Amino acid sequence: MEIEVETTANPGPGKLWLDIDGFAGPVKPGNGPRRDPKGEFPTGPDVGTPLPNIVARHHNDSTVDLHRDRAGKPAVVVFFRSAVW
Amino acid sequence: MADFSAAHHITFPLLSDPDLVVIESFGILNTLIPPDDHPWYGIPFPGTYVIDDAGVITHKFFEHSLAVRVGPEQLIAAVRGNDFTLEPADTTPVEDVKVTIDIEGPDLPPGTQRDLVARFSVPHGQHLYDDPVPEGMVAASIELDDTPGLMAFETVKPDTRPLTLSGTGETLDVYDGDITLRQPITQNGTAGDQVDGQRVVTIRGEVRWQACDDMQCGLPQRQRFELLIPAGRITLPDMGPAAAKGHTEPMNGEKHLAQMVERRRKSEK
């Protein structure tokens, strides 16, 4: 899938830049962390298919094995960008 | 991660994926960022999956804008099979269609989605329509007035059944019984006005519908609404202007960011 970057940018208050939706930020849209997709972009496995397992480090340094540890219960899995910016 | 969890009193596990194993296995690495662009490389297109007890994906929430996220109330509704955190709907039988409109959630921070929830009580034997409908008929819908800074996403609708009209032979999609339409909304940080020292967003619009039974249709109806909700704030990193204004929980973000950049630089060698 060829993914395009959304570069629409408008000058905002102070030295801020507004993106296509009017969100303000210090970096001009299309640069740095403000590289949003325009049009289609990959969103991973589809609704109705099994979620691939996730084995990763917990913030308390233990290891989480999602499908084992949820023990037959439903779950919500959130992918986010960073805890510090 | 541990510092962030403590600073924000988070009760669920935060997982880290420093080698991108999970993000790449899901195919959601943001490839618009080149690998040498420190420290931004290595992030996913942000999104959320809901899985059932068998591990099958029942809902998926991804938006184009990095600033927009699914709201917790929407996730609860998804996990509970579209049940609400709102007061239970009034199930008293009605003579005419009755609509109640609420916003689910305490506030409307920039980028956090909340649902505008329209609950239709429909008299026994009548039904409402989903789009598309023939000219002159009106589907059940939520129409928002243009409001600067307010963003709206695709309406979440219940399942329909096909109904073939005896006169024309045309097949339409109809809703049986009481229904709920959920209209996800958020704002970009500029919506609302200062009211008594707090920023408040006014959401105006109308709900439209037309009820029919198997024999005949009533007139198209519309009901205006005006709902006020505090604008609220998002969680921000404790850096820059937000930290200077005291809008964030202190947690050493700048030090962690420096460490992250350094680690990525080293991993390239």
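Computed from a predicted structure; not experimentally measured.

Thresholds, definitions, all that
Residues numbered from 1 in each chain as written. Chains lettered and ligands numbered in written order. Predicted model: local features only at pLDDT ≥ 70, side-chain atom pairs only at ≥ 80, totals over all residues. Heavy atoms only, no water. 1 Å grid on protein atoms, 1.4 Å probe; cavity = no way out; pocket = protein on both sides within 12 Å on 5 of 7 lines; lining within 4 Å. Points joined across faces, edges and corners; volume = space filled by probe spheres on them. Helix = DSSP H or I, 4+ residues; strand = E, 2+ residues; numbered from the N terminus. Nonpolar A, V, L, I, M, F, W, Y, C, P; charged D, E, K, R; others polar. pLDDT = per-residue confidence, 0-100. Patch = residues over 30% accessible without salt bridge, like charges linked within 9 Å, V, L, I, M, F, W, Y side chains within 5 Å. Areas by Shrake-Rupley, 256 points an atom, 1.4 Å probe, with all protein chains shown as cover. Salt bridge = Lys/Arg side-chain N within 4 Å of Asp/Glu carboxyl O. Buried < 20%, exposed > 50% of the residue type's maximum accessible area, 1.4 Å probe, protein only. Disulfide = S-S within 2.5 Å. Contact = heavy atoms within 4.5 Å. Buried area = accessible area lost by both parts, 1.4 Å probe. Polar contact = N/O pair within 3.5 Å; in protein donor to acceptor, adjacent residues only side chain to side chain. Pairing = 2+ DSSP bridges.

### Remarks on empty space enclosed by the protein
Inference 1: Enumeration according to the criterion identifies two cavities of 30 Å³ or more in this entry.
Inference 2: In this structure, the largest cavity is lined by Val78 and Phe79 of chain A together with Pro46, Gly47, Thr48, Phe61, Phe62, Glu63, Val68, Arg69, Val70 and Gln113 of chain B.
Inference 3: Contributing elements (two or more residues each) for the lining of the largest cavity: β8 (75-79) of chain A together with β2 (47-51) and β3 (57-62) of chain B.
Inference 4: By residue class, the composition of the lining of the largest cavity is seven nonpolar, three polar and two charged.
Inference 5: Approximately 40 Å³ is the volume attributed to the second largest cavity.

### Re the confidence of the model for chain B
Inference 1: For chain B, the average pLDDT comes to 91, and 98% of its residues sit at 70 or higher.
Inference 2: Of all the helices and strands in chain B, helix α4 (residues 240-244) of chain B carries the lowest mean pLDDT, 71, while strand β7 (residues 141-144) of chain B carries the highest, 98.

### Some words on a nonpolar patch on the surface
Inference 1: Residues Val76 and Val78 of chain A together with Val79 of chain B make up a contiguous nonpolar surface patch of roughly 210 Å² in combined accessible area.
Inference 2: Given the relative accessible area of 37%, valine 76 of chain A is considered partly exposed.

### Here we look at the state of the cysteines
Residue and element names in this part refer to chain B.
Inference 1: Under the criterion given, the structure shown has one disulfide over all chains.
Inference 2: Put simply, cysteine 212 and cysteine 217 are joined by a disulfide, and their sulfur atoms are 1.9 Å apart. Of note, the bridge from cysteine 212 to cysteine 217 carries an S-S torsion of about 105 degrees and is right-handed in sense.

### Quick word on the interface of chain B and chain A
Inference 1: Residue-level contacts link 62 residues of chain B with 50 residues of chain A.
Inference 2: Interface of chain B and chain A: buried area, both sides summed, is about 5,000 Å²; carbon and sulfur atoms make up 68% of it.
Inference 3: One can count two salt bridges joining chain B with chain A.
Inference 4: Measuring nitrogen to oxygen at the nearest pair gives 3.8 Å for the salt bridge that ties aspartate 46 of chain A to lysine 60 of chain B.
Inference 5: Where chain B meets chain A, there are 20 residue pairs in polar contact (both at pLDDT 80 or more).
Inference 6: Listed by contribution, the elements that provide at least two residues to the side of chain B that touches chain A are α1 (2-7), β1 (15-16), α2 (21-26), β2, β3, α3 (72-79) and α5 (253-268) of chain B.
Inference 7: Taken together, the residues of the side of chain B that touches chain A sort by class into 39 nonpolar, 17 polar and six charged.
Inference 8: Pairing geometry for β8 of chain A and β2 of chain B, over five bridges, is antiparallel. By the bridge assignment, valine 78 of chain A is partnered in β2 of chain B with threonine 48 of chain B.

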